[in-house]
Amino acid sequence: MPRGDLDGTTVVLGVSGGIAAYKAVELERRLVDAGAHVVPVVTESALRFVGLPTFSALASEPAHSSLFEDPDPIPHTTIGRRADLVVVAPATARVIGSYASGISSDLLTATLLATTAPVLVCPAMHTEMWEHPAVQENLATLRRRGVHVLPPEEGRLAGGDVGAGRLAEPARIVEAAAEVLRSTRARASGDLAGLRVLVSAGGTREPIDPVRFIGNRSSGKQGHAVAEAAHARGAEVTVVTTVGLPAPPGAEVVRVETAAEMAEAVLERAAEADVVVMAAAVADFRPKVVAGEKLKKRAGPPDLVLEPTLDILAELGRRKRAGQVLVGFAAETGDMAEEAAAKLESKRADVLVGNDVGASGVGFEWDTNEVTIFTRGGSRAVPLTTKKAVADAVLDAVLDQMRPGRTAAPDQEGALPA
Ligand code: PMT
């Protein structure tokens, strides 16, 4: 009988040893109420706070705590394989550190390393520990690998202290668990599942001297929105970016600064990609000579001699392999259709996203955008909307290019200007 969001799922509940272990009992009950088959894996330290019989009594099967005293000779792999989701709550600094470092010092960490199921980590610890760079770096490592992290809340801690580090409320953890399962399923059945999408994002900086550069106003929001949308639709994502915006869990993130660095990072990875989206605003020119020392104001304005950078999109067009879809953007303030049509041809792109960056709410830095998507079959206007919605429209156009015997989409307006 369906009971809730987690109906029919097997959830391994990892409990590690902090005072918040008592809350894991309530969490366990709520997970069962939401329809999950709950398998508790409890560390030795957690058992100092709550006894194994309590976890066993409320779970769907007896709780496990030992690698060696379990009836199953290889409990970590068996439990790891049965899991649709692993929730670690509370997750102590030790468990987070062991998981990030690949150290399997007990049944819980061994299970975490042995499973291929999605994992939701819910840290709880004292504020000083939560804020320690070692803990934050370990969590960043886990996030990069696709682990979901539900941060702790502010509130009362052990010993009467108050601050950040309190385990998220059990109801909130159940919601987050359901969301992780929903997004995992959506990705598995997404229309980009199995495809590798390479996205560039942000504006490059071309140094003049050690403190000055030629740059542009790109925030990277549109490129990162493409990365998020591609991830949500099941793609394996690589983002080559000049900015520190969040990237989808599990995505490869390559930080670059200059056009040359972006060219190297993109071209190195492009052959592997099914789709390449050049949303970055790449400098067309850079100073021919970069001063080794800060240029002095008293020396007067420098004579900046510029040289062209490599046109990455055009190079991608030259190297494009059969079946690969290449997407360019065109930031314009004049005749966007003319320019976009010209760029579609000259750079051998399959999709060209025209962005009239002179309008309010459109283009650089805004959270919104308005574009026209050009292909050789026609064009489609995307009225002012979120950058995420623009990203989805661009990916729809990409999929359209991948369909055999593709035709113009129904809402296409017609042929490109000559
Ligand atoms: O980052 P946001 O603040 O969210 O803003 C989004 C955006 C306005 C930057 C984005 O929507 C956009 O329009 N990106 C492309 C900006 C741009 O550089 O346009 P362009 O017309 O100069 O270049 C055309 C295409 O060639 C682009 O795909 C660009 O990535 C590529 N290019 C340009 C120069 C170069 N040396 N190499 C390139 O690959």
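Above: the structure in question.
Residues numbered from 1 in each chain as written. Predicted model: local features only at pLDDT ≥ 70, side-chain atom pairs only at ≥ 80, totals over all residues. Heavy atoms only, no water.

> Hey, could you run me through helix H11 (residues 312-319) in this one?
In an α-helix, one full turn covers 3.6 residues, which means residues spaced three or four apart are oriented alike. H11 sits mainly inside the fold: six of its eight residues count as buried. At its buried positions, H11 is contacted by helix H10 (259-270), strand S13 (275-278) and strand S16 (325-332). Between the side-chain oxygen at the start of H11 and the backbone nitrogen of Leu 313 there is a gap of 3.2 Å, and the oxygen is on Asp 311. (Buried < 20%, exposed > 50% of the residue type's maximum accessible area, 1.4 Å probe, protein only. Helix = DSSP H or I, 4+ residues; strand = E, 2+ residues; numbered from the N terminus. Contact = heavy atoms within 4.5 Å. Polar contact = N/O pair within 3.5 Å; in protein donor to acceptor, adjacent residues only side chain to side chain.)

> I keep staring at the site of the ligand and nothing clicks. Help me out?
Around the ligand there are 31 residues in total, and Ser 218, Ser 219, Lys 343, Asn 355 and Lys 387 lie nearest to it. Between the ligand and Ser 219, the relevant distance is 2.6 Å, taken from an oxygen atom to a side-chain nitrogen or oxygen of the residue. Measuring from an oxygen atom of the ligand, one finds a backbone N or O atom of Gln 222 at 2.8 Å. For the ligand, whose unbound accessible area comes to 770 Å², protein coverage reaches 96%. Elements represented by at least two residues in the shell around the ligand include exactly helix H9 (221-232), H11 and S16. Tallying contributions element by element places S16 first for the shell around the ligand, with five residues. Residues that form the shell around the ligand fall into these classes: 14 nonpolar, nine polar and eight charged. (Near = heavy atom within 4 Å. Areas by Shrake-Rupley, 256 points an atom, 1.4 Å probe, with all protein chains shown as cover. Nonpolar A, V, L, I, M, F, W, Y, C, P; charged D, E, K, R; others polar.)

> Would you take a moment to explain the sheet that holds strand S1 (residues 10-15) for this structure?
Two pairing modes exist for strands in a sheet, parallel and antiparallel, and in both the strands are linked by backbone hydrogen bonds. With parallel pairing, the five strands of this open sheet are ordered in space as S2-S1-S3-S4-S5. At either end of the open sheet lies a strand with only one pairing partner, and these are strand S2 (37-42) and strand S5 (148-149). Here four bridges tie S1 to strand S3 (residues 85-91), and the two strands are oriented parallel to one another. Along S3, the bridge assignment pairs Val 12 with Val 86. Contacts between helix H4 (residues 93-101) and the sheet are confined to S3 and strand S4 (119-123), with S4 contributing the most and set at about 145° to the helix. Across the sheet, helix H8 (residues 170-188) lies against S3, S4 and S5, angled at about 150° from S3, the strand it touches most. (Pairing = 2+ DSSP bridges. Axes fitted to C-alpha atoms, helices over the stretch in contact; angles between N-to-C directions.)

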